[in-house]
Amino acid sequence: MTQVGLRTLRLSETIAPFGVGAIVDIAGDSLMATDISWWPKSSPRLSCNRLERELHGRTLKSPPSVPSYPSKKTPGLTFQRFPSWLFCQNCRALRQLNSSEETGKSPRCAKCAGPRVPMRFIALCDKGSHVQDISWRWWAHRAATVLAQQKCVDGENLFFRTSESGNEGLSGLSVQCKSCGVRRNFGELSAKGALKGDGVKCSGKQPWQSKLEAVDCDATVQVVQRGATNVHMADVISAIDIPEAQPLSLVHAEKIRNHGSFGALSSDPDGPISDYLRELIARELGLTAETVQAVALSNDSITDGNLAAARSGLLDGEWAAFQTPLTEGSAASPDFIIEKADFVRRTDAPVLHNLGALISSVVLVRRLREVRAMTGFRRYSPDSSVIPVSFAPKGAEQWYPAMESFGEGIFFSLTEAAVSEWESAQPVQERTAALERRRLDSHIASRHGEVTPRSVMLHTLAHLIMRRLAFNSGYASAALRERVYSSVEGADRQAGILIYTASGDSEGTLGGLVRQGEPPRLARMLLAAIEDSDWCSNDPVCRESKGQGMNALNLAACHGCALAPETSCESSNLFLDRSLVVGEDGAGNGFFDSVLAAGRSAS
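From a predicted model like this one, the values you see are computed outputs, not experimental measurements.

Trainee: In this structure, what is going on with the sheet that holds strand β2 (residues 29-33)? I would like to understand it.
Mentor: In sheet architecture, strand pairing relies on hydrogen bonds along the backbone and comes in two forms, parallel and antiparallel. Strand order in this open sheet of three strands is β1-β2-β5, and the pairing throughout is antiparallel. Edge positions in the sheet fall to β1 (23-26) and β5 (79-81), since each has one partner strand and no second. The average angle at which neighbouring strand axes cross in this sheet is 40°, direction not considered. Here β2 runs beside β5; their pairing, made up of three bridges, is antiparallel. Paired with Leu-31 across the strands is Arg-81, a residue of β5.

Here it is in C-alpha cells:
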C-alpha cells in the first residue's frame with residue numbers, strides 16, 4: 001500500500017496471526033502481508049543466541065515499531081490488497097481492482113461512489129499452499145446457455161446479487177452479468193473441487209508475486225472463505241532467553257555470519273565464487289576455510305523435521321535453567337529473574353500436603369524475555385508445502401521475522417519417582433498408545449514429538465491450570481501461554497510446566513501471575529483446577545469419548561473442560577486427555593487420583 005493507505009497493527013500481530021501471507025481485515029479493507037523481502041532494510045535486529053542457534057544461525061529481525069500517530073516518513077510493512085475483486089455495498093456492482101488503480105485508500109464505486117468491499121471467497125490449492133483470486137467474470141459466464149452469453153467479454157457490468165426470495169445459504173447469492181443476462185448462484189461452490197470442472201488451475205504463486213515468479217503446480221484448487229482458519233497456518237518457534245555460556249565454536253560461527261560476504265556465500269555455498277568468498281572470510285577472521293564452509297552449509301532453512309528437533313533443544317536448556325534458580329536481583333541476566341518458592345506451608349490443610357508430595361519444585365519467574373520467530377506458513381492443510389517467509393533472490397541476506405516480549409510466569413515440576421511409577425501402569429500406557437498410533441497415521445506426525453503418558457498428562461494439566469488462572473490472576477485466558485517439559489530421553493528426565501504471560505508492547509509485568517505462585521495460592525489453585533476437571537458439562541459423553549478433535553487426537557477433552565485459546569497452546573489443542581489427570585470411574589489411571597480421594601474424604 002502507499003503511504004496514503006497506512007494502517008496500524010499491534011507489533012505482536014505481525015508474527016501471528018497476521019504474519020507473512022496472512023489476510024487482515026482492517027478499516028473495511030482485506031489486505032495480505034507480503035514476504036520479508038519487502039520489509040524496510042532498516043528493520044531492527046533482535047538477539048537471542050539460543051533461538052538463532054536452533055534456526056541454523058539465521059538472523060532475527062523485528063517489524064518496525066511506529067508511534068501512535070505515524071507520519072508519511074514512518075517505516076512500515078507492505079500489504080497487498082487481496083482479494084482484488086470488490087463489490088459496491090450500495091449498487092452491488094462487481095469489478096476487479098487493477099494494480100494501476102490502487103491509491104492506498106479504501107476504493108469507491110465508479111458508478112455510484114459507494115464503498116467497495118472484498119468478495120467473501122478465494123481459491124487455495126490443496127498441496128502447494130498457493131492462493132489466488134476467483135475470476136468472477138469467467139466463473140459466471142461458464143454457466144452460459146446461449147452463444148451470445150458464451151461470447152460476452154464485458155467485465156464492467158457484473159453485479160453481486162442476493163436472492164429476492166430470501167433464500168438462505170449460498171444458493172441465495174449469485175453473480176449476474178447485465179450485458180448478456182447470464183446468472184450463476186454460489187450453491188455450486190460448496191462442493192469440494194468445484195472449480196476443477198470450470199478449468200481453473202493453480203496459479204503457482206502468492207498474490208504479491210509476478211507471473212514470472214510462478215512455479216508449476218498441478219494441485220487441485222479449492223474454494224474457501226477468506227476468513228477461514230486454513231487460509232494461513234504459520235510455523236512459529238519461540239524461546240525463553242536464559243543465560244548460558246556460549247562455546248567457542250558458536251562465537252566463531254557468530255563472527256562468520258556477521259561478515260559482510262557471508263550472505264552471498266550461504267545463499268550459494270557451492271557456487272562459482274564460493275571458494276573465493278570462503279577464503280576471504282577465513283583470512284579476515286583468522287579461521288579455517290573448513291570452519292567457514294561448515295557454517296555456510298548449516299544455514300539452510302528450517303523444515304518440519306528439524307523444527308520439532310529445534311523446539312526440543314530449546315526446552316532442554318530452559319529445563320536446566322529452572323532446576324538451578326537464581327535469587328531475585330541476580331545480575332546474571334536482567335531479563336531472566338527467578339526465585340525458588342515453597343509449594344505448601346506447615347500449617348496448610350492435609351489435602352494440600354498430599355498434593356505437595358507430587359510436586360518437586362516451584363519457581364517464580366518474576367521477569368522473562370520470550371523471542372518468537374516465524375519460519376514459514378502453509379495453506380489449506382497442515383500437510384501442504386511450507387512457503388518460506390522470504391522470496392529474496394540468491395545472494396541476499398537470509399533472516400526470519402521475530403518479536404520479543406517481556407512477562408512473568410510460574411514454573412513447577414512434578415516428582416519424578418511418582419511420574420515414573422504412574423506412567424508404567426498398563427492402563428495408562430494403553431490409553432496413550434492409541435493417541436500415538438493416530439499421530440503416526442496423521443498428516444501432522446512430523447510436526448509433533450512422540451506422544452507419551454507424561455506428555456499428555458502434563459499438557460492437559462497445563463490447560464486446566466490456565467483455565468483456572470484466568471479467574472485468579474487478572475489476565476485473560478488468551479494472554480496466558482504454556483511450555484511443557486516432558487522429555488523421557490536420557491538421564492535428565494523432565495516433568496514440568498511453565499505458565500507465563502508476555503506482552504510485546506510493554507517492558508514489565510503486572511505481577512498478578514507471580515503472586516498466584518506464592519504459597520498457599522498455587523496449591524489451592526492447582527487443587528481447584530484438578531477438582532474442576534473431575535466433571536465436565538459434556539459428561540458422560542466427553543469422559544467416555546474414544547476420540548475428539550482433528551484426527552481424533554484428543555480423548556476426554558472438549559471446550560467444556562480442557563481446550564484453551566489457540567494463542568495459548570503450543571500443540572494446537574491436540575494430545576489432551578483429562579482422564580490421565582483425574583482418572584476414569586473406577587479405572588484408577590489418573591495421576592492425581594490420590595489427591596482427589598483425599599479431598600473427598602476431607603469434605
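Trainee: Looking at this model, I keep getting lost on the pairing of strand β7 (residues 93-96). Mind explaining?
Mentor: Consecutive side chains of a regular strand alternate in pointing toward one face of the sheet and then the other. As paired strands, strand β6 (residues 85-88) and β7 are joined by three bridges and run antiparallel to one another. Bridging across to β7, Phe-87 finds its partner in Leu-94. Of the strand pairs in this sheet, β7 and strand β11 (residues 158-162) are connected by two bridges, and their pairing is antiparallel. Across the sheet, Leu-94 pairs through a bridge with Leu-158, a residue of β11.

Trainee: In this structure, what is going on with the pairing of strand β15 (residues 233-240)? I would like to understand it.
Mentor: Of all eight residues that make up β15, seven are buried, and the element is covered over most of its length. Direction of pairing for β15 relative to strand β17 (residues 359-378): antiparallel, over a ladder of eight bridges. Across the sheet, residue Ile-237 finds its bridge partner in β17, namely Ala-373.

Trainee: Teacher, can you tell me more about the side chain of Thr-14 here?
Mentor: Positionally, Thr-14 belongs in the segment before β1. Exposure remark for Thr-14: the relative accessible area of 10% places this residue in the buried category. Only 2.6 Å separates the side chain of Thr-14 from the backbone oxygen of Leu-11, close enough to count as a polar contact. Not counting residues within four places of it along the chain, the set of residues in contact with Thr-14 comprises Gly-19, Pro-63 and Leu-77.

Trainee: Just checking my understanding: could you explain empty space enclosed by the protein for this structure?
Mentor: Over the atoms a probe the size of a water molecule is rolled, and this reveals where empty space is left. A complete count under the given rule lists two cavities of 30 Å³ or more for this structure. Looking at the largest cavity, its volume works out to about 50 Å³. If you go around the largest cavity, the residues you meet are Thr-14, Phe-18, Gly-19, Val-20, Ala-33, Thr-34, Trp-39, Leu-77, Thr-78 and Phe-79. Classifying every residue of the lining of the largest cavity gives six nonpolar, four polar and no charged. There is about 30 Å³ of room inside the second largest cavity. Along the walls of the second largest cavity sit Gly-28, Asp-29, Ser-30, Arg-81, Leu-86, Pro-107, Arg-116, Val-117 and Pro-118, which together make up its complete lining. Among the elements of the structure, β2 and β8 (116-118) are those that each provide at least two residues to the lining of the second largest cavity. The biggest single contributor to the lining of the second largest cavity is β8, with three residues.

Trainee: Is there a simple way to explain helix α11 (residues 426-441) in this structure?
Mentor: Every α-helical turn comprises 3.6 residues, leaving residues that sit three or four positions apart pointing alike. For α11, which comprises 16 residues, the first-to-last C-alpha distance of 23 Å matches the rise-based estimate of 22 Å (1.5 Å per residue) to within 8%. Three or more residues of α11 are buried, namely Val-428, Arg-431, Thr-432, Ala-434, Leu-435, Glu-436 and Arg-439. Looking at the packing, one finds that the buried side of α11 touches α10 (416-423), α12 (453-472) and α15 (579-582).

Trainee: Looking at this model, I keep getting lost on the sheet that holds β6. Mind explaining?
Mentor: Strands sit in the order β8-β6-β7-β11-β12-β13 across an open sheet of six strands; the sheet is antiparallel. Edge strands, defined here as strands with exactly one partner in the open sheet, are β8 and β13 (183-185). The sheet shows a mean angle of 30° between the axes of neighbouring strands, direction not considered. In terms of strand pairing, β11 meets strand β12 (residues 173-177) through five bridges, oriented antiparallel. Across the sheet, the residue bridging to Phe-160 is Val-175, located in β12.

Trainee: Is there a simple way to explain the layout of surface pockets in this structure?
Mentor: Here the second largest pocket defines a volume of roughly 860 Å³. In terms of lining residues, the second largest pocket is bounded by 31 residues, among which Ser-84, Gln-96, Asp-133, Lys-205 and Pro-207 are the most central. Among the secondary structure elements, those contributing two or more residues to the lining of the second largest pocket are β5, β10 (131-132) and α2 (136-141). For the lining of the second largest pocket, the leading source of residues is β5, giving three residues. The residue inventory of the lining of the second largest pocket, partitioned by class, reads 12 nonpolar, 13 polar and six charged.

Trainee: Teacher, can you tell me more about the environment of Leu-297 here?
Mentor: Its place among the elements puts Leu-297 in helix α7 (residues 289-297). When its relative accessible area of 42% is taken as the criterion, Leu-297 is described as partly exposed. For the pair formed by Leu-297 and Ser-266, sequence separation is 31 residues and the distance between their alpha carbons is 6.9 Å.

Trainee: What's the story with the environment of Ala-140 in this structure? I'm lost.
Mentor: Its location among the elements puts Ala-140 in helix α2. Remark: the alpha-carbon pair of Ala-140 and Cys-177, spanning 37 residues in sequence, is separated by 7.6 Å. Sequence-distant contacts of Ala-140, defined by excluding residues within four places in its chain, comprise Val-175, Val-182 and Arg-184.

What counts, and at which threshold
- The written sequence of each chain sets the order in which its residues are numbered from 1.
- This being a predicted model, a pLDDT of at least 70 is required before a residue's local features are given, and a value of 80 or more before pairs of side-chain atoms are given or counted; all residues contribute to the totals for chains, interfaces and linings.
- To obtain the side-chain values, all non-hydrogen atoms of the structure were used and water was disregarded.
- Two strands pair under a simple rule: DSSP has to find at least two bridges between them.
- Numbering of helices and strands starts at the N terminus; helices are DSSP runs of H or I of at least 4 residues and strands are runs of E of at least 2.
- Structural elements are reduced to axes, namely lines fitted to C-alpha atoms, with helices fitted over the stretch in contact, and the angle between N-to-C directions of any two is expressed from 0 to 180 degrees.
- Exposure categories follow from relative accessible area, calculated using a 1.4 Å probe and restricted to protein chains: below 20% of the type maximum is buried, above 50% is exposed, and the middle band is partly exposed.
- Contacts described as polar in this section are N or O atom pairs within 3.5 Å, which, within protein, must combine one atom able to donate a hydrogen with one able to accept it, while residues neighboring in sequence count only if both atoms come from side chains.
- Here, two residues are considered to be in contact whenever any of their heavy atoms come within 4.5 Å of each other.
- Of the grid points, spaced at 1 Å and generated over the protein atoms alone, those admitting a 1.4 Å probe that cannot get out make up cavities, while open sets with protein on both sides within 12 Å along at least five of seven lines make up pockets; any residue with an atom within 4 Å of a point is treated as lining.
- Grid points are joined across faces, edges and corners, and a volume is the space filled by probe spheres set on the points.
- Just so you know the grouping, Ala, Val, Leu, Ile, Met, Phe, Trp, Tyr, Cys and Pro go in nonpolar, Asp, Glu, Lys and Arg go in charged, and all remaining residues, Gly too, go in polar.
- Expected helix span is taken as 1.5 Å per residue step, with the number of steps being one fewer than the number of residues.

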